[in-house]
Every structure is written in structure tokens, then in C-alpha cells.
Amino acid sequence: MQISLALDLALTSPEDYYIEGQGSLLQCVLTPGDPYMPLPNEEIIARVTKQVLALFPSSQGLEVTWSSVVKIGQSLYREAPGKDPFRPDQKTPVKNFFLAGSYTKQDYIDSMEGATLSGRQASAYICDAGEELVGLRKKLAAQDSGEYAKAANTTDELSLV
């Protein structure tokens, strides 16, 4: 089993997930997920619990009080040789259309770090396109003001019967 992401939501997002006396709330992502899809949820929980206890020595003696399994087979990419060319770049062939997310080309597996790096890369492309985007914004604003003026001079042809 490979846990590609494990985070304690009680620590990373305490305002949303920390409850006094309740302990940790772990979110774990398994990749690739194919081997786990046919397994019953209880088996997946048992395997994850065993690995968490092995990975985090401070968890020894703790017990799982609640768990949930979400199976989404197509939500993560498969880490395997030759797959990187299929990950899209942050700058797309579509003019002024940029992508950000952990699935795009960057050096980390599907993770928060990868998503953050991808966002930084996308913002760099947006900054590089700055002058062009400012020109586009001015053009759209001029169109909008022209359409607004045209609409303001139009008389209402509807009447009450």
C-alpha cells in the first residue's frame, strides 16, 4: 500500500476540524487506487490503520473511533514511468487559458505541495502575459461600455395590454 498523502486535519485546519478532546482527524489518499476498489471498506480501513501506526510512532495505543472511505477511481493519476507527458502544462495552447492543480506538470505527486507549486507556475505564466491581458481587459471594457450605451438608448417596445 502507498499512502501518497496523509494529513491531520485537526492540525492543518483547526478552525474547521479540531474538537477539544477528540484527537486527530486523518485524511489519507491511496495511490494507485485500483487494488483497493474491490476491497470492502473495513479491509481498507484496517490496512490504512496498520500503516498509519507504523508510519507515525506517536499514534501507538490510539484507536480509530470513526472512519469513512471514498472510492473515486479516476480522481488520481497513476505514478508510473512514461506518464508525465500526459500531464498538462499550466500554459495551454488556448490563448489566455491557464491551468493550476496537482495534476499538472510539476515535480510533486498528487499533493497539496504539487497544487501549490502548480499555482505558482500558473501565476508566473499569467504575469508573463500581463500586458496582453491588460490590453484584452481594456478591449472588453470598451465593448461593455459601448453595449451599455446602446442599451440605454433603446426604447422599450413592450406595452401593457
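Note that the structure is a prediction, hence the values are computed from the model and not measured. (Residues numbered from 1 in each chain as written. Predicted model: local features only at pLDDT ≥ 70, side-chain atom pairs only at ≥ 80, totals over all residues. Heavy atoms only, no water.)

### A short note on the overall build of the protein chain
Counting secondary structure elements, the protein chain contains five helices and two strands. In sequence order, the secondary structure elements of the protein chain are arranged as β-α-α-β-α-α-α. The buried share of the protein chain, taken over its 161 residues, is 20%. With an accessible surface of roughly 12400 Å², the protein chain has 57% of that area assigned to carbon and sulfur atoms. (Helix = DSSP H or I, 4+ residues; strand = E, 2+ residues; numbered from the N terminus. Buried < 20%, exposed > 50% of the residue type's maximum accessible area, 1.4 Å probe, protein only. Areas by Shrake-Rupley, 256 points an atom, 1.4 Å probe, with all protein chains shown as cover.)

### Some points on the pattern of salt bridges
Inspection of the entire model under this criterion finds two salt bridges. With a shortest N-O distance of 2.8 Å, R47 and E43 are connected by a salt bridge. Of the two residues, R47 and E43 are both situated in helix α3 (residues 41-55); the distance of four residues between them amounts to about one turn of the helix. (Salt bridge = Lys/Arg side-chain N within 4 Å of Asp/Glu carboxyl O.)

### Notes on the environment of A100
Tracing the backbone shows A100 in the loop between α3 and α4 (112-128). Owing to a relative accessible area of 43%, A100 belongs among the partly exposed residues under this scheme. On a C-alpha basis, the gap between A100 and G119 in space is 5.0 Å, while along the polypeptide they are 19 residues apart. Aside from chain neighbours lying at most four places away, what touches A100 is S118, G119 and A122. (Contact = heavy atoms within 4.5 Å.)

### Considering the nonpolar core
Of all hydrophobic cores here, the largest spans seven residues; its members are I3, L30, Y36, L39, I44, V48 and V52. By residue number, the principal contributor to this core is α3, which donates three residues. (Core = buried A, V, L, I, M, F, W, Y, C linked by side-chain atoms within 4.5 Å.)

### Some details on the side chain of Q90
Turning to its location among the elements, Q90 is positioned in the loop between α3 and α4. Those residues in contact with Q90 that sit more than four places away from it in its chain are F97, F98, L99, T104, K105, S118, Q121, A122 and Y125.

### Let's talk about α4
The first and last C-alpha atoms of α4 sit 24 Å apart over 17 residues, in line with the 24 Å expected at 1.5 Å per residue. For α4, every residue scored as buried is listed here: G114, S118 and A122. Projection of α4 onto a plane perpendicular to its axis shows the buried side chains occupying an angular sector of 70 degrees, all on one side. Along α4, the residues that are exposed and aim more than 90 degrees away from the buried face are T116, R120 and C127. (Expected span 1.5 Å × (residues − 1). Arc of directions from axis to C-beta.)

### Here's the deal with α3
Compared with the 21 Å implied by 1.5 Å per residue over 15 residues, the 21 Å span of α3 between its first and last C-alpha is a close match. By the burial criterion, the buried members of α3 are I44, V48, Q51 and V52. Seen from one end, α3 has its buried residues packed into an arc of 105 degrees, which puts them on one side. Among the exposed residues of α3, those pointing more than 90 degrees away from its buried face are E42, K50 and A54.

### Some words on the confidence of the model for the protein chain
Scored by pLDDT, the protein chain comes out at a mean of 81, with 83% of its residues at no less than 70. Model confidence for the protein chain, summarised as mean pLDDT per element, is weakest for strand β1 (residues 3-8) at 69 and strongest for α3 at 91. (pLDDT = per-residue confidence, 0-100.)

### Quick word on the side chain of R87
As for its position among the elements, R87 is in the loop between α3 and α4. Separated by 2.8 Å, the side chain of R87 and the backbone oxygen of T104 make a polar contact. (Polar contact = N/O pair within 3.5 Å; in protein donor to acceptor, adjacent residues only side chain to side chain.)

### With respect to the environment of Q106
Structurally, the position occupied by Q106 is in the loop between α3 and α4. Sequence-wise, Q106 and R87 are 19 residues apart; in three dimensions their C-alpha atoms are separated by 8.9 Å. The contact partners of Q106, leaving out residues within four places of it in the chain, are R87, G101, G114, L117, S118 and Q121.

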